[in-house]
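# Analysis of the macromolecular model
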Amino acid sequence: MQKTLIAATLLISLGAGANIVQDAPLVSIDTHDAYFDNLKALCGKAFAGKIAVDNPPAPGFEGALIMHVRKCTDSQLQIPFHVGDNHSRTWIITKTGSGLTLKHDHRNADGSHDDQTMYGGQTLDAGWATAQSFHADQYSKELFTARGIPQSNTNIWQMFIYPEQFSYRLIREGREFRVDFDLTQEVALPPAPWGYAD
């Protein structure tokens, strides 16, 4: 319906001898589109995961691990990552016109923004329809430095999606963390993440 209205508007404009007026397009490449669409196909579903790699071991991921592909548009995916009763984390993947970005929206239990939030990275290459790497962006580097964890400035987050498994991975020198989610079995939908509403 929207495309029909746009086409009709263009025809009227052309018929009147006016120039075409339209928004700048949100451009993307095939591998980014395919990757985004593969994740978007899971929209509305939740899956259980388990820690596959945690080297060196770090606290904070005790309890059931659930990812929920909760909200999807043509340019953004919101994927809360629940850890037991901790509903503070939401992964946000966005098409920017210059690639894909991954942001970590961290909230406090009252919904307010955590002091360390919206860090993440961006794609620097084409990647694949099944895998993308997000290198720490400048905002994140300055945030990490200000927070006293400059070792995180070299973070690379990776997300892999295959027919039976989704993996979230963090790597940097001296640190690797990966959670694997079983896509063959859906689980009950978790509550809304902190700071969001159904």
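Worth saying up front: this structure is predicted, and the values here are computed from it rather than measured. (Residues numbered from 1 in each chain as written. Predicted model: local features only at pLDDT ≥ 70, side-chain atom pairs only at ≥ 80, totals over all residues. Heavy atoms only, no water.)

## Examining the overall build of the protein
Threshold: Numbering goes from the N terminus for both helices and strands, where a helix is a DSSP run of H or I of at least four residues and a strand is a run of E of at least two. Three labels apply to residues, based on accessible area from a 1.4 Å probe with only protein chains included: buried if under 20% of the type maximum, exposed if over 50%, partly exposed otherwise in between. Whether two residues are in contact is decided by their heavy atoms: any pair within 4.5 Å suffices. Calculation of accessible area relied on Shrake-Rupley with a 1.4 Å probe; when residues are assessed, cover is drawn exclusively from the protein chains displayed.
Broken down by element type, the protein carries three helices and 11 strands. Listed N to C, the secondary structure of the protein is α-α-β-β-β-β-β-β-β-β-α-β-β-β in terms of helices and strands. Taking the principal axes of its C-alpha atoms as reference, the protein extends roughly 65 × 40 × 35 Å. Looking at the 198 residues of the protein, the share that counts as buried comes to 39%. Within the protein, contacts between residues at least 6 apart in sequence are counted, and of these 48% link residues at least 24 apart. Carbon together with sulfur atoms contributes 54% to the accessible area of the protein, which is approximately 10900 Å² in total.

## Things to note about unusual backbone geometry
In this chain, asparagine 55 is followed by proline 56 through a cis amide linkage whose omega measures -5°. With respect to the element layout, proline 56 can be found in the loop between β1 (46-55) and β2 (65-68).

## Some thoughts on the pattern of salt bridges
Condition: Any carboxyl oxygen of Asp or Glu within 4 Å of a side-chain nitrogen of Lys or Arg constitutes a salt bridge here.
Counted by the stated rule, this structure contains nine salt bridges. When the shortest N-O distance is used, the salt bridge between arginine 169 and glutamate 176 registers 3.1 Å. Accessibility expressed as a relative area gives 22% for arginine 169, which makes it partly exposed.

## Some details on the nonpolar core
This is how it is decided: In this description, a nonpolar core means a group of buried Ala, Val, Leu, Ile, Met, Phe, Trp, Tyr and Cys residues linked to one another through side-chain atoms lying within 4.5 Å.
Counting residues in each nonpolar core, the largest one holds 31 residues, and the members touching the most others are Leu39, Met67, Trp91, Trp157, Met159, Phe166 and Phe181. The residues touching leucine 39, leaving out its near neighbours within four places in the chain, are Val69, Leu77, Ile79, Ile93, Ile161 and Phe166.

## Structural notes on the packing of aromatic side chains
Our working definition: Between rings of Phe, Tyr and Trp, where Trp is taken as its six-membered ring, a pair exists when centres lie within 6.5 Å; planes separated by under 30 degrees are stacked, by over 60 edge-to-face, and by other angles tilted. Lysine and arginine charges are scored as sitting over a ring when NZ or CZ, respectively, is within 6 Å of the ring centre and within 35 degrees of the ring normal.
Tallying each qualifying case throughout the model produces 11 aromatic pairs. Taking 6.5 Å as the distance between ring centres and 35° as the angle between the ring planes, the aromatic pair formed by phenylalanine 81 and tyrosine 168 counts as tilted. Linking phenylalanine 81 in strand β4 (residues 76-83) with tyrosine 168 in strand β10 (residues 165-172), this pair joins segments that are 87 residues apart in sequence. Taking the relative accessible area as the measure of exposure, phenylalanine 81 reaches 2% and is therefore buried. Note that lysine 95 overlies the ring of phenylalanine 36, its terminal NZ or CZ placed 4.8 Å from the centroid.

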